[in-house]
Amino acid sequence: TEGYSRQRVDLEAMPAEFLRTNAYAGLGVGVLGITQSRDAFIERQMPSSLGAQSQYAAESNSLRSIVGLDPESGSGLTEAMGQFYSDLRALSQNPSQPGLRAAVVGASRNLAATFNRTAEGIESARSGIDGALQGNVTEVNQLAEKMAALNAQVSKARASGAAPNDLLDERRNTSDRLSQLVGGQPIPDSDGNLNIALPGGFVIVSGNRAATLSTAVDGANGGHLVLQVTRVGASTPQDLSVNTFGGEIRGLLDARDGTMLQTLRSLDTLAFDFANAVNTQHQAGFTLNGTPGEAFFNVGAAAGGTAGNLSVNANLINDPSGLAAAASATTAPGDAANLFALINTERQPLSTGANAADALASIISTFGSRARSADARSQQEKAIMSNLQNLRESASGVSIDEEMIELTKAQRAFEAVSRVVQTADQMLETLMNLK
C-alpha cells in the first residue's frame, strides 16, 4: 500500500491482582496502543527534497521541449543566417545574375521564417506551460481541501481515544504530493493538525480550512497566466509572485518567465537589430534598374515581437531585381559595392555590442547552459530524494523477513506457554491418580 507506515502493537504488563492468601496473581499484558514506525529526522527532510526534485525536473522537461535552438539540428537559425550571407557572397561575384538574386531572396525568406518558427516554438511552449499550470492548480485545490478534511477526521478520531494511523498515512501522502506540486512545507500544531505553508510563507491549509488557488490572464506578460490565491473567508483573489512557490509549479514558472522569456526577448532584439542593419545598408544602395533600394525586411518600430513577425519585403519577393547591389545608380548592373557592405553587416556590432553571428551564438549557448543546469540539478535532487525514500522505507516500510521473525518469536512464545500449561496439567493428573 503506497504510503503505508508499519504499525506496531505496544504491550504493557497489567497490574497483578491481590489474593486473600497473601499472594498476587499476574493478569498478563494489555494493549497500550498502536503506533507507527516513522523516523522524524527523515520525515522532516522529505518535503524539501520532493519539492526541489519536482521543481528542477519540471523546468528541465519544459526547456527540453524547445528544439528550435538545438545547435545540432540542421534547420536552425545558425544555418539559416549562414546561408543568407553565403548567398550574398555568391551574388557579389555576379550581381546581375537572376538566379543568384533569387537565391538571396529565398535565403532571406528562409531566415525570416526560421526566426518566426523559433519564436513561435518558444511561445507555444510557454502557452503549454499555462495549460499545465491550470491542471496543477486544480489538483492543488483538491489536495488542500482533502488535507483540511483529513485534519478534521484525525482530530475527531483522537478525541475519541482512537489511533487513526491509516488517516495519518493518507494525510502524509497528501502532504507529500503538495510538496511536489507547490513545495508545501508541513507544519504540525498543538491540536494535531498538519498545516501546509508555501515556501514564500503563505499558508494554504490551516487546520480544517483551505485557501483556493486560481489563474488569471496577465496582460503585462503577453496574456499568459498569473497565479492567484483567495484566502480563507475572503472573496477577492490576490496575485502571487513566483517566489511564493516551490515544487513543480515553481519549475514551470521559472522555465516560462525565466529562461524562455529571456531567450525570446534576446531573439527579438537580435532580429530587430539585424533587420534594421540590413535595411539601412540596403536602402543606401541601388537596384538593377538604378533606383534606390527599399527596406529589405519588414520590421516594426520596437524590438518586441520582431522575431515572430519578421518578413521579407514583398516587392523583393516578386522582383529580385530590386536587390540593391550597387553603390551608384550609374554602375548598377555590375557594381557589387553595396553587396560587400551588406555582407559586412554579419560582423557589424549591434545594440548589444556583439555582431549578429556572435549574438546568435550567445543566445543558443545561454539557453543550452541553463537547460543543462536544470537537468543536472534535477538528477542531483533525484538522487537525494531516492536516498531519502530508501531511508524512509527502511524505517517505515514492511519487511517480510522481519515480519516472519516476529511471527516465529510469537509462535515460540505460544509454544512455551503451552508447555507450561501442559506440564501443570500433567502434574494435576499425576496427583489425581495417586492412591
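Residues numbered from 1 in each chain as written. Predicted model: local features only at pLDDT ≥ 70, side-chain atom pairs only at ≥ 80, totals over all residues. Heavy atoms only, no water.

1. Some remarks on the packing of aromatic side chains
One pass over the structure, following the stated rule, counts seven aromatic pairs. Summarising the aromatic geometry, the rings of Phe274 and Phe297 are spaced 5.6 Å apart at their centres and angled 50° between planes, so their arrangement reads as tilted. Of the two residues, Phe274 is situated in helix 5 (residues 247–283) and Phe297 in strand 12 (residues 297–298); the sequence distance between them amounts to 23 residues. Residue Phe274 shares its accessibility class with Phe297, and that shared class is buried. Through a chain of ring-to-ring contacts, the aromatic side chains of Phe84, Tyr85, Phe274, Phe296 and Phe297 assemble into a single cluster. (Phe/Tyr/Trp six-rings, centres within 6.5 Å; stacked < 30°, edge-to-face > 60°. Helix = DSSP H or I, 4+ residues; strand = E, 2+ residues; numbered from the N terminus. Buried < 20%, exposed > 50% of the residue type's maximum accessible area, 1.4 Å probe, protein only.)

2. Describing the sheet that holds strand 11 (residues 238–239)
Taken in spatial order, the three strands of this open sheet run 9-10-11, and their pairing is antiparallel. The open sheet has two edge strands, strand 9 (212–218) and strand 11, and neither has a second partner. Pairing between strand 9 and strand 10 (residues 224–230): seven bridges, direction antiparallel. If you follow Leu213 over to strand 10, its bridge partner there is Val229. (Pairing = 2+ DSSP bridges.)

3. Structural notes on the sheet that holds strand 5 (residues 185–188)
One open sheet accounts for four strands, arranged 5-6-7-8; its pairing is antiparallel. The sheet is open, and its two borders are formed by strand 5 and strand 8 (209–210), each paired with just one other strand. With four bridges connecting them, strand 5 and strand 6 (residues 194–197) associate as antiparallel partners. Its bridge partner lying in strand 6, Ile187 is registered against Asn195. Strand contacts of helix 4 (residues 165–182): strand 5, strand 6 and strand 7 (203–206), with the helix running at about 5° to strand 6, the strand carrying the most contacts. (Contact = heavy atoms within 4.5 Å. Axes fitted to C-alpha atoms, helices over the stretch in contact; angles between N-to-C directions.)

4. Observations regarding the packing of helix 3 (residues 98–159) against helix 5
Where helix 3 contacts helix 5, the two axes come as close as 10 Å, and the packing angle between them is 160°. Our classification of the angle between helix 3 and helix 5 gives roughly antiparallel. Classified by chirality, the crossing of helix 5 by helix 3 is left-handed. Class assignment of the residues belonging to the contact of helix 3 with helix 5 gives a composition of 20 nonpolar, three polar and six charged. (Parallel < 35°, antiparallel > 145°, perpendicular 65-115°, else oblique. Left-handed = near helix turned anticlockwise from the far one by under 90°. Nonpolar A, V, L, I, M, F, W, Y, C, P; charged D, E, K, R; others polar.)

5. With respect to the pattern of salt bridges
By the definition in use, this model includes 17 salt bridges. Across the pair Arg250 and Asp254 runs a salt bridge, and its minimum N-O distance is 3.1 Å. Of this pair, Arg250 and Asp254 both sit in helix 5, separated by four residues, roughly a single helical turn. (Salt bridge = Lys/Arg side-chain N within 4 Å of Asp/Glu carboxyl O.)

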